[in-house]
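Fold and geometry: a report
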Amino acid sequence: MASANTSWSEENFSCSICLDVLSSPVTTPCGHNFCRTCITKYWDEQVRYKCPVCNKLFDTRPDLRINTLLSEMVDRFGTSIRVKEQPRVEPGEVPCDVCTGTQLKAVKSCLVCLMSFCQNHLEPHQRVAVLKKHRLIEPMDRLEDRLCKKHKQLLELFCQAEQVYVCQFCTETDHKYHPVVPLKEEYGVKTAQLGKIVSEVQQMIQEKKIKIKEIKDTVDMTKKDADREIANGVQVLTALLCRIEKCRDEFYQTVKEKLKSTEKQAEDLIKELVQEIEDLTNRSSEVKQLSHTKDHLNFLQTFRSLMNPPPTRDWTTVEVRPPTYVGTLRRSLDQLEETLNMEMKKLRDAELNRVQQYEVDVTLDPDTAHRCLILSEDGKQVHNGSVVKNLPDNPKRFTKYVCVLTRQSFSSGRFYFEVQVKDKTGWWLGVAKESIDRIGETRWTPETGYWTLHYYKDGLVFRDNPSVHLRLRAELQKVGVFVDYDEGLVSFYDVEARVHIYSATGCIFSEPLYPFLCPGFYHYKTINCASLIISPVNQTD
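This one's a predicted model, so the numbers in the text were calculated from it and none came from an experiment.

**A word on the overall build of the protein chain**
Looking only at helices and strands, the protein chain has 7 helices and 23 strands in total. Whereas a compact globule of 541 residues would reach a radius of gyration of roughly 24 Å, the protein chain reaches 56 Å, over 25% beyond that. Taken over the C-alpha atoms alone, the protein chain extends approximately 200 × 100 × 40 Å along its principal axes. Expressed as a percentage of the 541 residues in the protein chain, the buried residues total 33%.

Have a look at this one:
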């Protein structure tokens, strides 16, 4: 009997579907062998039943049974029959879509099957005639997204007109007259742009880091300022508390000393009265004793010495006057007030010195000046010339009121400027927002975009609704205006007296602010004809 042929190759024992060693092998009516699980799953996904190898069609689903002889041969040689090892898929590589368990690296992708295959599972496409006609490309993932939705062809071109990806058929239809280039060429263009984008992004990142550092530095500086402010404040308040305690002790001591003096006076008077009472009592006893004597000579001799009472003070005018405390507390408070005023002066000087550090150099804008106003060449002075000049129309110009703004505006941070108002009997100073009405009649209040101090005759007013009438200590020579845009604060100062005049708080600024000057009206060229002068800050220590 002839011996069995043991020289069969591994392909005789491999499943054409999974390309692995046959497991529970079955044979189709056309004679091809498959794993029972593989062919069953394959036919479950088909509408018509055909052989995966020769494509023979079956009218009904064949009844498959285990090929006993082949199964025994597989069992005999199964330990040595294995498909050659293929590289496993690594991160970033395209995996095989057929592999189960450990996935292998795909070597080709099929545009017909829309699947990627490793070397093992690619074998049918290299052997079966029908599969050989399929278009194979280099491995790609998400194949469905790489096909034209309309023509089911690979998106290999780029339309520069509409900035979309197209297939070859698209260039012959919808994009026939559009400039189209291969994806590789557009990739080169976009790669060059990507380098620029990366550079720009890195620049933005660097700018953001610099901004973070600026913010942190600002916070650190703010903390130091806060610590210094707290230290100074605690020092001043502690000194005031010490002065108050001293004032309290001195007041207490003064009242106590007055009480003690009165008590001493009363005690001495009572002591003297007690002594006189004692003397009179003794005299009364002597008189009574004498009245009982029967010795006439002794009576007459003694009577002479007893007939006059012992000398005493005239108490009709003697009185104890309670001490008066009128003015005691007031004098103590006067001393305290003097100390407080000294501290307040120091604080006012420190506050003004602090805001003067935010001085800005501003000049008046002739394009905004009313036609009656006359500006100096350097843009630092303005007065009312009382004559309407023929000037070109300008939408920025005030036409109703004699006002002028500066060229410079401020949209953040803090700024400070000083204006000399000496010899003037009326003026307006402050800041105004950019969108104020410069033509019609407008009440200058924060509601309409003005934050101004108004001086007229002997009055000083902050224009608001209602207006705030302020105390005028002395004739103003120079006014300082400080604005903290972010904090919503506008403050006015009497520079010469170094006194805070008024602060508008809780202001809402949403657009640029301009320093605002109005020299006011005058009559007969003598009243209120002096100029408003933007002056440099002369800061004192």
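**Let's talk about the sheet that holds strand β5 (residues 108-110)**
Across a sheet, strands are paired by hydrogen bonds formed along the backbone, either parallel or antiparallel in direction. One open sheet accounts for 3 strands, arranged β6-β5-β7; its pairing is antiparallel. Each edge of the open sheet is held by one strand with a lone partner, namely β6 (115-117) and β7 (136-137). Bridge analysis of β5 against β7 gives 2 bridges, and the strand direction is antiparallel. In the sheet register, Cys-110 faces β7, and the bridge partner there is Leu-136.

**Digging into empty space enclosed by the protein**
On inspection of all chains with the given rule, the structure shows 1 cavity of 30 Å³ or more. In this structure, the largest cavity encloses a volume near 30 Å³. Looking at the largest cavity, the residues that line it are Arg-348, Glu-351, Leu-352, Tyr-493, Arg-498, Val-499 and His-500. Of all the elements, helix α7 (residues 328-356) adds the most residues to the lining of the largest cavity, at 3 residues. By residue class, the composition of the lining of the largest cavity is 3 nonpolar, 1 polar and 3 charged.

**Here we look at the packing of helix α5 (residues 183-291) against helix α6 (residues 296-306)**
Between α5 and α6, the shortest axis-to-axis distance is 11 Å and the interhelical angle comes to 160 degrees. Judged on the interaxial angle alone, α6 and α5 are roughly antiparallel. Every pair of crossing elements has a handedness; the one defined by α5 and α6 is left-handed. On α6, the residues that touch Arg-283, Glu-286, Val-287 and Leu-290 of α5 are Asn-298, Phe-299, Thr-302, Phe-303, Ser-305 and Leu-306. Of the residues that constitute the contact of α5 with α6, the class distribution is 5 nonpolar, 3 polar and 2 charged.

**Quick word on the environment of Leu-333**
Along the polypeptide, Leu-333 turns up in helix α7. Take Leu-333: its relative accessible area is 43%, and that puts it in the partly exposed class.

**As for the packing of α5 against α7**
Interaxial distance between α5 and α7 falls to 9 Å at its minimum, and their mutual angle equals 170 degrees. Taken together, the axes of α5 and α7 lie roughly antiparallel to each other. In this structure, α5 uses Glu-229, Val-236, Leu-240, Arg-243, Ile-244, Cys-247, Glu-250, Phe-251, Thr-254, Val-255 and Lys-258 to contact α7, whose residues at the interface are Thr-328, Leu-329, Arg-331, Ser-332, Leu-333, Gln-335, Leu-336, Thr-339, Leu-340, Glu-343 and Arg-354. Here the residues of the contact of α5 with α7 sort into 10 nonpolar, 5 polar and 7 charged.

**Observations regarding the sheet that holds strand β8 (residues 157-159)**
The sheet built from 3 strands is open, its strands ordered β9-β8-β10 with antiparallel pairing. The open sheet has two edge strands, β9 (164-166) and β10 (180-182), and neither has a second partner. Here the strands of the sheet are splayed against their neighbours by 35 degrees on average, with no regard to which way each runs. Strand direction decides the pairing type here: β8 and β9, joined by 3 bridges, are antiparallel. Counterpart to Leu-157 in the pairing with β9 is Val-166. The sheet strands contacting α5 are β8, β9 and β10, and the helix crosses β10 at an angle near 90 degrees.

Definitions and cut-offs
Residues numbered from 1 in each chain as written. Predicted model: local features only at pLDDT ≥ 70, side-chain atom pairs only at ≥ 80, totals over all residues. Heavy atoms only, no water. Helix = DSSP H or I, 4+ residues; strand = E, 2+ residues; numbered from the N terminus. Rg over C-alpha atoms; globule rule 2.2 N^0.38 Å. Buried < 20%, exposed > 50% of the residue type's maximum accessible area, 1.4 Å probe, protein only. Pairing = 2+ DSSP bridges. 1 Å grid on protein atoms, 1.4 Å probe; cavity = no way out; pocket = protein on both sides within 12 Å on 5 of 7 lines; lining within 4 Å. Points joined across faces, edges and corners; volume = space filled by probe spheres on them. Nonpolar A, V, L, I, M, F, W, Y, C, P; charged D, E, K, R; others polar. Axes fitted to C-alpha atoms, helices over the stretch in contact; angles between N-to-C directions. Parallel < 35°, antiparallel > 145°, perpendicular 65-115°, else oblique. Left-handed = near helix turned anticlockwise from the far one by under 90°. Contact = heavy atoms within 4.5 Å.

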